[in-house]
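Residue-level structure breakdown
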Amino acid sequence: MAARSLASCIFCKIIKGDIPSFKLIETDLSYSFLDINPLSKGHALVIPKYHAQKLHELPDEYLSDALPIAKKIVTAIGATDYNILQNNGRAAHQLVDHVHFHIIPKPSEDKGLV
Ligand code: 5GP
Ligand code: ZN
């Protein structure tokens, strides 16, 4: 399925390079970069190159491209403990309406939930 973009979306702008980001891994279907407001060192985001607000609206091919990228990032940064977080909708704390996976490394001394 072809990439889909929304002009007003900040993550679509990041994919296009209109907003700068610290890029990690890019494929034909996905883009990953460091979170601008990290919850821990190495906090990264993986996003599909397809504008959809919520996970269930995303074509499967984009979904299956994203998690292996999360796996590569976790391995590359050597995180042993980490959260993969994916919020859908305001009540679930989604602030940016473009599907994204958080990769949040957890240093061993950090006992917080997220
Ligand atoms: P949400 O609450 O929607 O799951 O998380 C959105 C995430 O996107 C937040 O962690 C926030 O710091 C990050 N974010 C928002 N705008 C930008 C941006 O312009 N650049 C980067 N790198 N991260 C962003
Ligand atoms: Zn978007």
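Thresholds applied
- Residues numbered from 1 in each chain as written.
- Chains lettered and ligands numbered in written order.
- Predicted model: local features only at pLDDT ≥ 70, side-chain atom pairs only at ≥ 80, totals over all residues.
- Helix = DSSP H or I, 4+ residues; strand = E, 2+ residues; numbered from the N terminus.
- Rg over C-alpha atoms; globule rule 2.2 N^0.38 Å.
- Buried ≥ 20, exposed ≤ 12 C-beta atoms within 10 Å, placed from the backbone.
- Contact = placed C-beta atoms within 7 Å.
- Near = placed C-beta within 6 Å.
- Nonpolar A, V, L, I, M, F, W, Y, C, P; charged D, E, K, R; others polar.
- Pairing = 2+ DSSP bridges.
- Axes fitted to C-alpha atoms, helices over the stretch in contact; angles between N-to-C directions.
- Expected span 1.5 Å × (residues − 1).

What the protein contains, in helices and strands, is two helices and five strands. When the helices and strands of the protein are read in sequence order from the N terminus, they spell out α-β-β-β-α-β-β. Since a compact globule built from 114 residues should have a radius of gyration of about 13 Å, the 14 Å found for the protein is in line with a globular shape. In terms of overall dimensions, the protein has a C-alpha envelope of 40 × 30 × 25 Å along the principal axes. The 114 residues of the protein split such that 25% are buried. Long-range pairs, those at least 24 residues apart, make up 59% of the contacts in the protein with a sequence separation of at least 6.

With that settled, consider the site of ligand 1. Neighbouring ligand 1 are 13 residues; Ile36, Asn37, Asn87, Leu95 and Val96 lie closest to it. Looking at the shell around ligand 1, its residues break down into seven nonpolar, five polar and one charged.

Here we take up the pairing of strand E5 (residues 101-105). Among the five residues in E5, four count as buried, and that is most of the element. Bridging between strand E3 (residues 44-48) and E5 involves three bridges; their strand directions are antiparallel. Within E5, the residue paired with Leu45 across the bridge is His102. Two strands pair when backbone bridges link them, and strand E4 (residues 82-85) and E5 are joined in this way by four bridges, in the antiparallel orientation. Bridge pairing links Leu85 to His102 in E5.

What follows deals with the sheet that holds strand E1 (residues 23-26). Taken together, five strands build an open sheet; the order of strands is E1-E2-E3-E5-E4 and the sheet is antiparallel. Lying at the two open borders of the sheet, with one neighbouring strand each, are E1 and E4. Each neighbouring strand pair of the sheet contributes to a mean axis angle of 15°, computed without reference to strand direction. Alignment of strand E2 (residues 30-34) against E3, held across five bridges, turns out to be antiparallel. From the neighbouring strand, Tyr31 faces E3, where its bridge partner is Ile47.

Taken together, the two bridges between E1 and E2 define a ladder with antiparallel strand orientation. From the neighbouring strand, Lys23 faces E2, where its bridge partner is Phe33. If you look at the hairpin formed by E1 and E2, you'll find three residues sitting between the two strands.

This next bit is on the environment of Ala7. Inspection of the secondary structure puts Ala7 in the segment before helix H1 (10-16). Placed 25 residues apart in sequence, Ala7 and Ser32 show a C-alpha to C-alpha distance of 19 Å.

Another point: helix H2 (residues 60-77). Its 18 residues give H2 an end-to-end C-alpha distance of 27 Å, which sits within 8% of 26 Å, the value for a rise of 1.5 Å per residue. Count one or two residues on from H2 and you reach Gly78, which has phi positive near 70°.

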